[in-house]
Amino acid sequence: MNLFALLDQTATRLPDRGAVYLGERRVCTWAQLRDRALRLAAGLGPAGSRIAIASENRPEIVELMFAAWAAECVVVPLNYKLHPREMADILADAEAAVVFASPDIAARLRGHTAVPVEVIGADGYAARLAADPVVPPRHTDPAALAWLFYTSGTTGKSKGAMLSHRNLMAMTVAHLADFDDPDEHCSLVHGAPMSHGSGLYIPPYVARGARQVVPASHGFDAEEFLDLCEHHPGAAAFLAPTMVARLVDTGRPRPANLRTIVYGGGPMYVESLRRAMTAFGPEIFVQLYGQGEAPMTITGLRRADHRLDADDAVLGSVGYPRSGVDVAVRRADGSFAGPGQIGEIVCRGDVVMAGYWKNPEATAATLADGWLHTGDLGSFDERGYLTLRDRSKDVVISGGSNIYPREVEEVLLTHPGVTEACVVGAPDPEWGEIVVAFIVGTATPEELDAHLLDRIARFKRPKRYEYIDELPKSSYGKVLKRELRARLTT
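Every chain is numbered on its own, with residues counted from 1 as its sequence reads. At least 70 in pLDDT is required for a residue's local features to be given in this predicted model, at least 80 for side-chain atom pairs to be given and counted, and no such filter applies to totals for whole chains, interfaces and linings, which use all residues. In computing side-chain values, all of the structure's heavy atoms are included and hydrogens and water are not.

A.B. asks: Help me understand the sheet that holds strand 24 (residues 418-428) in this model?
C.D. replies: Either a parallel or an antiparallel arrangement is found when strands of a sheet pair, and the pairing is made through backbone hydrogen bonds. Taken in spatial order, the three strands of this open sheet run 24-25-26, and their pairing is mixed. Because the sheet does not close on itself, it has two edges, and the strands there are strand 24 and strand 26 (464-467). Neighbour-to-neighbour, the strand axes of the sheet open up by a mean angle of 30 degrees, direction not taken into account. Here, a strand pair is defined by DSSP locating no fewer than two bridges between the strands. The helix count covers DSSP runs of H or I at least four residues long, the strand count covers runs of E at least two residues long, and both are numbered beginning at the N terminus. By the bridge criterion, four bridges tie strand 25 (residues 432-441) to strand 26 in an arrangement that is parallel. Counted as the bridge partner of Ala437 is Tyr465 from strand 26. Residues are treated as being in contact if the distance between any of their heavy atoms lies within 4.5 Å. Angles shown run from 0 to 180 degrees and are taken between the N-to-C directions of axes, each axis being a line fitted to C-alpha atoms and, for helices, limited to the stretch in contact. Packing against the sheet, helix 15 (residues 405-412) makes contact with strand 24, strand 25 and strand 26, and its axis sits at approximately 145 degrees to strand 24.

A.B. asks: Is there a simple way to think about empty space enclosed by the protein in this case?
C.D. replies: To find leftover empty space, a probe the size of one water molecule is rolled over the atoms. Both site types are read off a 1 Å grid over the protein atoms alone. A 1.4 Å probe that fits but cannot get out defines a cavity, while an open set with protein on both sides within 12 Å along at least five of seven lines defines a pocket; lining residues have an atom within 4 Å of a point. Grid points are joined across faces, edges and corners, and a volume is the space filled by probe spheres set on the points. Per the counting criterion, the structure on display carries four cavities of 30 Å³ or more. Contributing to the lining of the second largest cavity are Ile53, Ala54, Ser55, Ile61, Met65, Val75, Pro77, Leu78, Trp147, Met194 and Ser195. Those elements that place two or more of their residues in the lining of the second largest cavity are strand 3 (50-54), helix 3 (60-70) and strand 4 (74-78). Sorting elements by how many residues they give to the lining of the second largest cavity places strand 4 first, with three residues. Looking at the lining of the second largest cavity residue by residue, the classes come out as nine nonpolar, two polar and no charged. Polar here means any residue other than Ala, Val, Leu, Ile, Met, Phe, Trp, Tyr, Cys and Pro, which are nonpolar, and Asp, Glu, Lys and Arg, which are charged; Gly is therefore polar.

A.B. asks: What am I meant to see in helix 4 (residues 84-94) here?
C.D. replies: Every α-helix winds through 3.6 residues per turn, so residues three or four apart in the chain are directed the same way. Buried means the residue's accessible area, taken with a 1.4 Å probe over protein chains only, is under 20% of the maximum for its type, while exposed means over 50%, and partly exposed covers the values in between. For helix 4, the set of buried residues is Pro84, Met87, Ala88, Ile90, Leu91, Asp93 and Ala94. Looking at the buried side of helix 4, the elements it contacts are strand 3, strand 4, strand 5 (98-101), helix 5 (103-109) and strand 7 (145-150). Positive phi shows up at Glu95, right after helix 4, with a value of about 55 degrees.

Right under this line is the structure:
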């Protein structure tokens, strides 16, 4: 099945309903969106061509995605916050046929890439929309490549995860089965980048006829987001934990139309989650754990698990396996771990990528023994909840003992004088590594030591505290630990 069928079916059922909005203004109906996508598809080149999109959140991203699929081409979303040279590297690696870019990004990209750059909304774009529409595809191989997603590159060169129509359809079905049940009276508000999680959630909401709402600011502003949720019906959104915290910080009550917040892309600490549930009500929250290699779909903490009286172990977990996905924890020797035992999280299912683009070595290492090896460490409890410990590379080994940064971070964040915290390891001639905590807040080292010693083992306590105005984060809300480690060596 080709993902374009989701738009085709909705446009047939609901031709005159609003499909895409910029702020409060309707941009097009479902019938108009289908027509625009089919016209854009006419000039995108042969099947399999990689069509890159480099833009802040814009309404045109929706039509470009479905245009690429209508032409049986591949969407290559670019993080618009990357440096132009980084974008150019991805474009070259993907062998992109064209990159559609917003005016600002197009101006920055030119001179860095040999790939043709087309400005979204410019005269050339308008000319494409005047072409005769193509005939919708009917016989696409479900295994055909649909989405080439480049990892964020926080630990080196980005790799392109190859996601097929089947992969994204499995993601779509799992979302509708596990997390949300929208209809044509609902909305998806794109607060997070459409180049990643928010864009991947377009298919399930298009399948149900829910309108796509793009903020007029083209990004995330907490006040604007809440205003849009007041205006648009049945609002849902995918947000990074830092974005959820900003909503709570506004002090505004939950908008009556806000029905679902799916959070993920970085750790949501228990203290922050309880604060958000108290402010907005627990019944709207859903947590996902996934990777670009298994898009948005490994485990999840459902609505029913988000209770104010839930214990910390549940709220601190990432839930249990998603529909259609097998998830396990494996020890270093490859055997399966029992409850409470820590190992690498692995998964398999139709949502898992085919491999990395032009990178057979990385593919073989990541897709081994029929499982996707996530590189994340975790453990299941007796109830079946999976708790993430850390990325395997982030574990601090000090004096021969394994220390999991998230455990220390969770405790630090319960101190009223700590706004944000991130724990990393630093080389040490005596201990091998020592624990260093980067702190955003006013609590003194003496206060933090006392707070920690009341709650966790002494050997886990940071040997150093570094105070910082703000933790460096990617556009997806993940703390960039490599930048923090670099500060320790300069």
